[in-house]
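A structural walkthrough
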Amino acid sequence: MKQTKKQNTVLRLFSYLHDQRIRLTVVVVSILIYVGLSIWNPMYSAVVIDHLWNGIQAAWKNDVPFSITWENGGRELIQLTVQYFFTWIFYYLQSYLMANVAENMVLSLRSQVAEKLNRLPLRFFDRNKAGEILSRVTSDLDKITEVMQTGLLKLIVAVGTIIGSLIVMFFYSVPLTLLFLIFMLISILITKAVSGKSLLCASRQQETIGILTGIAEEYYNGRDVIKAYNHETESLEQVARAAAEASEANRKVGFLTNCVNPLIRLLTRLANVVIAVIAGHAMLNGTMTVGIVQAFFQYINQTGEPLTEASYMINSLQAAFASAKRTFQLLDEEEEIPDPIFPLSLNNARGEIRFEHVSFGYNPSKLLMKDISFTASPGQKIAVVGSTGAGKTTLVNLLMRFYEINRGDIWIDGMNTADMSRSGLRKNFGMVLQDTWLFSGTIAENIAYGRPDASREEVINAAKAAKIDYFIRTMPQGYDTMLDNEASILSSGQKQLLTIARIFLCDPPILILDEATSSVDTRTEVEIGKAMKKLMKGRTSFVIAHRLSTIRDADTILFMEHGNIIEQGNHRELLEKNGAYAALYYSQFE
């Protein structure tokens, strides 16, 4: 079963080479010519050396000086030199083209992985650490590139050279070749035993690297919290344990990859010694010439050294296949439900939203929401309140189709959101999340993220509406001040004001504000509230809030508990009910 899975991984990996048939054809031709020259060169060198040796012996017998002329060995030496030159040319050509083939193949894989990540549902990212995903996108693909560029080429050349060399060796001497093969058979058995173990260790190596990367990324992002709670020692210990596991896995892979070479070289040297003794006796008997003996030893080196490289590269290929397996596991992850072939189009929505008997669970067998129903009329302000974990953010995530509902329907302006494309649906929404996100770029570019074509004047007006224009102008380069992805020069409140400015600039028909003012002070919150009230006028708005003072003017308040709406109505109606909402409201103002 494992062998079948490995074969499927290999076949799937090589299927990415189909689009590079021309380059591969040239590579194959270059390999054939290179291998052919590698086999022919020792044979021809035997002819040249025997020719020179006979000339030297004749000159010695006749007591005359020996000299190399065009007719007396010079022509053959020039031809041998030209053969060696073309051997180098075709080696360079195949190496250069194979590097291109490998890079193009991995580029195709990287592109597919990037596209795949955009099609994966949020639940995939919920259950996988960012560092582990990052390791599949970087280290796994780098391992494939490294091995495919050199390892596969060397393996193919090694196999061709070994087969051709053995044929010529049998032609020269069957007994010596059989003796050499006994030593090589022992080498092959050792290589096979090690390669099976190497694949398991290589898989473990990539897993430990992914875990270590995930922990490092997690602790880097949470470094302030770690310091605040004095958990530096514990976090360092956990990183050290993950690093130790990765180090142990790397050590095993490194040992298994490198331990075979010295052993096989030792066996090759022993074979050389034994064969040298027998070949020397054959020369004394006249059954083998000097040229043939030296050619035979060239073939031993051409067979023994490629066999050593082949054993090394087989183990390296195991690591590449382990990385490819992890990459294909990512590519095979279940994707979001595809958009309809002919999606409904909704431009500039009026904002009538209906949830009809909606049920949802991150795990279909354990529903978080059961039979949720409510209606939001165009222009209404809908507040969603409740304790932490009640399902408030999940509710708006379903509205945006970040997750697919298990049962029921969600309607916007009479259109079922399931019949719309995700991009077509989401262009009608503006969303400010509790967790701010800014990218590397200028402040102006961050504000214009939703409308890259916006003019500078529009960007400034949006910043003024979000009450952050004055602060931006105090920055060194104003709106052209560069931010990194953490925006470390800004406070949490200033970051959130920038994301609010994005919404003002996009001017969407439907708003979702998930604790949009949670990181600003009370005075700024009041100012933003005024601007928000102006922005929300005539627009359907969903406001998630913990401070109930900010949503008293809501047209409808949905009070959620354990994923269900247990109360709904306006502020006055819910206070009159004296239920869960009233209890929470009064508790905040005691």
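Right above here is the structure, for reference.
Reference entry: report on the structure contained in this document. (Residues numbered from 1 in each chain as written. Predicted model: local features only at pLDDT ≥ 70, side-chain atom pairs only at ≥ 80, totals over all residues. Heavy atoms only, no water.)

1. Looking at the overall build of the protein chain
- Check the secondary structure of the protein chain and you find 18 helices and 12 strands.
- Here the C-alpha radius of gyration of the protein chain, 36 Å, is well above what a compact globule of 590 residues would show, namely 25 Å.
- Taking the principal axes of the C-alpha coordinates as reference, the protein chain spans close to 125 × 55 × 50 Å.
- A buried classification covers 45% of the 590 residues belonging to the protein chain. (Helix = DSSP H or I, 4+ residues; strand = E, 2+ residues; numbered from the N terminus. Rg over C-alpha atoms; globule rule 2.2 N^0.38 Å. Buried < 20%, exposed > 50% of the residue type's maximum accessible area, 1.4 Å probe, protein only.)

2. Focus: the environment of glycine 563
- Relative to the helices and strands, glycine 563 is located in the loop between strand S11 (556–561) and strand S12 (564–569).
- Ignoring anything within four residues of it in the chain, the contact list for glycine 563 reads Leu368, Met369, Ile372 and Ala390. (Contact = heavy atoms within 4.5 Å.)

3. Some remarks on the sheet that holds strand S1 (residues 353–360)
- Strands sit in the order S2-S1-S4-S5 across an open sheet of 4 strands; the sheet is antiparallel. Taken across any chain shown, the strands that pair with only one partner, and hence form the sheet edges, are strand S2 (369–376) and strand S5 (415–416).
- As paired elements, strand S4 (residues 407–412) and S5 share 2 bridges and run antiparallel to each other. Each bridged residue has a counterpart across the sheet, and for tryptophan 411 the counterpart in S5 is asparagine 416.
- Taken strand by strand, helix H10 (residues 392–399) contacts S1, S2 and S4, and its axis lies near 115° from that of S1. (Pairing = 2+ DSSP bridges. Axes fitted to C-alpha atoms, helices over the stretch in contact; angles between N-to-C directions.)

4. Digging into the packing of aromatic side chains
- Under the definition given, this model contains 14 aromatic pairs.
- Look at phenylalanine 85 and phenylalanine 86: their rings are 5.8 Å apart centre to centre, the planes differ by 80°, and that puts the pair in the edge-to-face class.
- Ring centres of phenylalanine 124 and phenylalanine 125 lie 5.3 Å apart, and the angle between their planes is 85°; on these two criteria the pair is classed as edge-to-face.
- Phenylalanine 124 sits in the buried class, given a relative accessible area of 4%.
- Among the aromatic residues, those joined into a cluster by ring pairs are Phe85, Phe86, Trp88, Tyr92 and Tyr96. (Phe/Tyr/Trp six-rings, centres within 6.5 Å; stacked < 30°, edge-to-face > 60°.)

5. Quick word on the layout of surface pockets
- Taken as a whole, the largest pocket holds about 980 Å³ of empty space.
- Looking at the largest pocket, it is lined by 25 residues, and the ones nearest its centre are Met400, Phe402, Met431, Leu433 and Arg502.
- Elements with a minimum of two residues in the lining of the largest pocket: helix H4 (122–127), H10, strand S6 (429–432) and helix H15 (492–506).
- Broken down by class, the residue content of the lining of the largest pocket amounts to 12 nonpolar, 7 polar and 6 charged. (1 Å grid on protein atoms, 1.4 Å probe; cavity = no way out; pocket = protein on both sides within 12 Å on 5 of 7 lines; lining within 4 Å. Points joined across faces, edges and corners; volume = space filled by probe spheres on them. Nonpolar A, V, L, I, M, F, W, Y, C, P; charged D, E, K, R; others polar.)

6. A short note on the packing of helix H13 (residues 456–465) against H15
- Packing of H13 against H15 brings their axes to within 8 Å, and their N-to-C directions diverge by 125°. Relative to H15, the element H13 is oriented oblique. Of the two elements, H13 crosses H15, and the hand of that crossing is right-handed. On H15, the residues that touch Glu458, Val459, Ala462, Ala463 and Ala465 of H13 are Ala501, Phe504 and Leu505.
- Tallied by class, residues from the contact of H13 with H15 come to 7 nonpolar, no polar and 1 charged. (Parallel < 35°, antiparallel > 145°, perpendicular 65-115°, else oblique. Left-handed = near helix turned anticlockwise from the far one by under 90°.)

7. Some words on the pairing of S12
- As paired elements, S11 and S12 share 5 bridges and run antiparallel to each other. Along S12, the bridge assignment pairs methionine 560 with isoleucine 565.
- As consecutive antiparallel partners, S11 and S12 are separated by 2 residues, and within that stretch histidine 562 has a phi angle of approximately 55°, a positive value.

8. Quick notes on the sheet that holds S6
- The strand order across the open sheet formed by 6 strands is S6-S9-S10-S3-S11-S12, and the pairing between neighbours is mixed. Both outer strands of the open sheet, S6 and S12, are each paired with one neighbouring strand and no more. Here the average twist between neighbouring strands, direction ignored, is 15°.
- Relative to strand S9 (residues 510–514), S6 is paired through 4 bridges, and the arrangement is parallel. Paired with phenylalanine 429 across the bridge in S9 is isoleucine 510.

9. Points about a nonpolar patch on the surface
- Residues Trp70, Ile78, Val82, Phe85, Phe86, Trp88, Ile89, Tyr92 and Tyr96 make up a contiguous nonpolar surface patch of about 970 Å² in total accessible area.
- Topologically, tyrosine 92 is positioned in helix H3 (residues 74–119). (Patch = residues over 30% accessible without salt bridge, like charges linked within 9 Å, V, L, I, M, F, W, Y side chains within 5 Å. Areas by Shrake-Rupley, 256 points an atom, 1.4 Å probe, with all protein chains shown as cover. Salt bridge = Lys/Arg side-chain N within 4 Å of Asp/Glu carboxyl O.)

10. Quick word on the side chain of asparagine 416
- Residue placement: asparagine 416 occurs in strand S5.
- Side-chain polar atoms of asparagine 416 contact the backbone nitrogen of alanine 418, separated by 3.0 Å. (Polar contact = N/O pair within 3.5 Å; in protein donor to acceptor, adjacent residues only side chain to side chain.)

11. Side note on the nonpolar core
- Of all hydrophobic cores here, the largest spans 57 residues; its most connected members are Leu13, Met105, Leu109, Ile144 and Phe180.
- For this core, the secondary structure elements donating two or more residues are helix H1 (2–14), helix H2 (21–61), H3, helix H5 (130–172), helix H6 (174–221), helix H8 (232–285) and helix H9 (290–331).
- Per element, the largest residue contribution to this core is 14 residues, and it comes from H5.
- Contacts of methionine 105, omitting those with residues within four sequence positions, involve Leu13, Tyr16, Leu17, Gln20, Ile144 and Met148.
- If you look at the next biggest cluster of nonpolar residues, it comprises 44 residues, including Ala462, Ile500, Leu505 and Leu574. (Core = buried A, V, L, I, M, F, W, Y, C linked by side-chain atoms within 4.5 Å.)

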